[in-house]
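# Structural overview for review
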Amino acid sequence: MHMELVLDGINYFAKKEKFYGLDEREKDLQAELRDEYLRLFRMAFSDQIEHVKVVDIEGTDVTPAKMKAIQRGKQIHGRHLDAKAKSEKAAMEDLIAKAQAFLDECDEKSNK
């Protein structure tokens, strides 16, 4: 909706400039509206690009690592869940390894 208001303002000043001309205050406002339009456009385009998921013919996700990192940070495509699951799996494997080392140590002590 904000984009529509900005475009309406830009179009209004463009028509007014064409038929009547603009004073300095109106030119400044027109420039502000154009800057706001560009800011909104860039933001929307960036958001759209960040939501892209690249998949090859076999269905394998081949999204570049840099894009995946951005998506993980913004919790897009559930990538943050993948990272969380991997870190939980690594933590569990670490805990199992420590427990096994402790049990091995106990067995060694009992065999002495």
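Below or above, wherever it landed, is the structure these notes cover. (Residues numbered from 1 in each chain as written. Predicted model: local features only at pLDDT ≥ 70, side-chain atom pairs only at ≥ 80, totals over all residues. Heavy atoms only, no water.)

## Overview of the pattern of salt bridges
Proximity of charged atoms lets side chains of opposite charge pair with each other. Per the stated rule, a full pass over the model turns up 3 salt bridges. Across the pair R39 and E36 runs a salt bridge whose closest N-O atoms are separated by 2.8 Å. On the criterion of helical spacing, the pair formed by R39 and E36 is a turn pair, its members being 3 residues apart in helix α2 (residues 24-50). With a closest N to O distance of 2.7 Å, E50 and K74 form a salt bridge. Here the residue E50 occupies a position in helix α2, and K74 occupies one in the loop between α3 (65-73) and α4 (79-111), the gap between them amounting to 24 residues. With a relative accessible area of 11%, E50 lands in the buried category. Accessibility expressed as a relative area gives 48% for K74, which makes it partly exposed. (Salt bridge = Lys/Arg side-chain N within 4 Å of Asp/Glu carboxyl O. Helix = DSSP H or I, 4+ residues; strand = E, 2+ residues; numbered from the N terminus. Buried < 20%, exposed > 50% of the residue type's maximum accessible area, 1.4 Å probe, protein only.)

## Comments concerning the side chain of Q71
Assignment of secondary structure puts Q71 in helix α3. A residue is classified by how much of its surface remains accessible, and Q71, at 0% relative accessible area, is buried. Within the local environment of Q71, its side chain forms a polar contact with the backbone oxygen of V52, the two atoms lying 2.7 Å apart. (Polar contact = N/O pair within 3.5 Å; in protein donor to acceptor, adjacent residues only side chain to side chain.)

## Some remarks on the packing of aromatic side chains
Tallying each qualifying case throughout the model produces 3 aromatic pairs. For the pair Y37 and F41, a centre-to-centre distance of 6.3 Å together with 25 degrees between the ring planes defines the contact as stacked. Here Y37 pairs with F41, and both are found in helix α2, just 4 residues apart, close to one helical turn. On the basis of relative accessible area, Y37 is assigned to the partly exposed category, the value being 27%. Between F41 and F45, the ring centres sit 6.2 Å apart and the planes meet at 10 degrees, which makes this aromatic pair stacked. Taken together, the residues span about one helical turn, with F41 and F45 both in helix α2 at a distance of 4 residues. (Phe/Tyr/Trp six-rings, centres within 6.5 Å; stacked < 30°, edge-to-face > 60°.)

## Thoughts on the nonpolar core
One finds V6, I10, F13, L22, L33 and L40 forming the largest nonpolar core, which totals 6 residues. Those elements that place two or more of their residues in this core are α1 (2-19) and α2. The element contributing the most residues to this core is α1, with 3 residues. Those residues in contact with V6 that lie beyond four places of it in its chain are L33, E36, Y37 and L40. (Core = buried A, V, L, I, M, F, W, Y, C linked by side-chain atoms within 4.5 Å. Contact = heavy atoms within 4.5 Å.)

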